[in-house]
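This is what each chain is made of:
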Amino acid sequence: MTRRLLTRWDDDKPREECGVFGIFDNEEAAALTVLGLHALQHRGQEAAGVVTFDGKMFHSHRALGLVGDHFSSESVIAGLPGRAAIGHVRYSTAGAPLLRNVQPLFADFAFGGLALGHNGNLTNALTLRRQLVERGCLFQSTSDTEVIVHLIARSTQPTVVERLIDALRQVEGAYALVAMSGEALYGVRDPLGVRPLVLGDLDGSPILASETCALDIMGARFVRDVEPGELVILDADGVDSLKPFALLPRRFCIFEYVYFARPDSAVEGANIYEVRKRIGAELAKDQPAPADIVVPVPDSGVPAAIGYAQAANLPFELGLIRNHYVGRTFIEPSDRIRHLGVKLKHNANKGTVAGKRVVLVDDSIVRGTTSTKIVAMIRNAGAAEVHMRVASPPTTHSCFYGVDTPERSQLLAARNDLEAMARIIGVDSLAFLSLDGLYRAVGGAARDPVQPQYCDACFSGDYPTTLEDLGQGQDPNQLSLMLEDA
Ligand code: SF4
């Protein structure tokens, strides 16, 4: 019932996925994992969890809400003893936001305990789950991660590593996974490398993290990206690497560069802030606008707007001010208040935009509802013209790899041509960065249409895996609802 009263201010953005962290052989493993999760909070705000191992027993603390809400007290950290820990922040791309879905999941196997958390989405989870249920498996959560747990349990392989490999060979989709047994930590990236995972080091304690900002927060050293299809083992002997999966061409998520990753992270060797400025510069070259000032939609549009302004030689101005204290959700007592809600999060800066021709830069447009309200706000503040420039191509397809986008029918660009979109949003002109422009900004090489170098399916519809659940008429993003109904 409570969930019906909550609305998200960010529901016109693709929602973040999940973040994972793990550290081995450190006396402050739990506290450092909590720090790491703080740095990864942008990847999921619905729930957080930490599991530690003290040499004999596993300890777990999981909660719905932000990391700071549940992991700030000494007593919580004291209840998580041990020199090895993994942690997870979550947005529920599959599985409803229930405590039993909060990761890391933990299970007792024949070989001992194993905790497991992943970022991504399995595109054959429902198919596998049905097969497992037919064979007698009892599921306790609606999370697709539990499918991996059951596959590990049913594996006849002799070791933890071989069971993990056996399980992962049966799943499809995108995952960056951390797991912890009584002997070691394990980090795995799916063979396409859709989601990020890095290896770090803090004074000899190896670390796994979704992004490098989680290393920076504790002064840890970045060692390298975990390779697509690589399994790393962190144990008493150091860090070992296996490549147990069939080699596939890389398809890293290009949207990580556009929106998801934190600007101070380095992803696949590139600093996100610098990439976003390059994206903005490409946009200015591709799509110039007759304007006096460049205004970003804060916060995610800021780096691209800086790049745009520099390339177009126009002043960069904060014509929209964001209220950082609104929070992610707000009680929605009536339609009128909901309509006003966007003003709580953003307000036009009249003194800056009045009488000016504004080029408004945002990172992406999903439904277009927030853009419409922001444009109206800038016009009401007295702007002479509003030209919108979007630092990514039109979002025409849903993501099935761990990013919660609305179904296609709700995507503005899937239903309308450019002219219609401009009319709906209420701008004098609208333009998007081309897919080729995005490729130039992130990597230099032109997009190979036969074998694209990134996953760009939400812009192109070119999905890098088969979508087995979808092929059976089931949307993997709706998995939780179907599982709840089952
Ligand atoms: S569909 Fe889009 S958001 Fe999803 S993994 Fe591919 S590029 Fe990223």
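Our subject in this report is the structure included herewith. These numbers were taken from a predicted model, which means no experiment stands behind them.

As for the nonpolar core
Counting 46 residues, the largest nonpolar core has Tyr257 and Ile279 as the members making the most contacts within it. Listing elements by their share of this core, those giving two or more residues are β15 (252-253), α8 (255-260), α9 (272-286), α10 (302-312), β22 (357-362), α16 (435-442), β25 (454-455) and α17 (457-460). Other than its neighbours up to four places away in sequence, Ile279 contacts Tyr257, Val258, Ala391, Leu433, Leu438, Ala441 and Val442. Of all hydrophobic cores here, the second largest spans 32 residues; its members include Ala107, Phe139, Leu177 and Tyr186.

Let's talk about unusual backbone geometry
Here the bond from Gln103 into Pro104 is cis, since omega is 0°, no more than 30 degrees from zero. Here Pro104 is to be found in the loop between β5 (84-90) and β6 (105-109). The amide bond that connects Pro298 to the next residue, Asp299, takes the cis arrangement and shows omega of -5°. In this fold, Asp299 is placed in the loop between β18 (293-296) and α10. Phi at Asp203 takes a positive value of approximately 50°, unusual for a residue other than glycine. Mapping Asp203 onto the fold places it in the loop between β10 (198-202) and β11 (205-209). Of note in the backbone geometry, Glu268 takes a positive phi value of approximately 50° without being a glycine. Within the secondary structure, Glu268 is located in the loop between β16 (266-267) and β17 (270-271). By relative accessible area, which is 25% here, Glu268 ends up partly exposed.

Overview of the environment of Arg276
Tracing the backbone shows Arg276 in helix α9. Along the primary structure Arg276 and Gly307 are separated by 31 residues, whereas in three dimensions their C-alpha atoms are 7.4 Å apart. Arg276 has contacts with Glu256, Tyr257, Val258, Tyr259, Phe260, Ala261, Pro263, Pro303 and Ala304, leaving out every residue within four places of it along the chain.

Reading the values: rules and limits
- Residues numbered from 1 in each chain as written.
- Predicted model: local features only at pLDDT ≥ 70, side-chain atom pairs only at ≥ 80, totals over all residues.
- Heavy atoms only, no water.
- Core = buried A, V, L, I, M, F, W, Y, C linked by side-chain atoms within 4.5 Å.
- Buried < 20%, exposed > 50% of the residue type's maximum accessible area, 1.4 Å probe, protein only.
- Helix = DSSP H or I, 4+ residues; strand = E, 2+ residues; numbered from the N terminus.
- Contact = heavy atoms within 4.5 Å.

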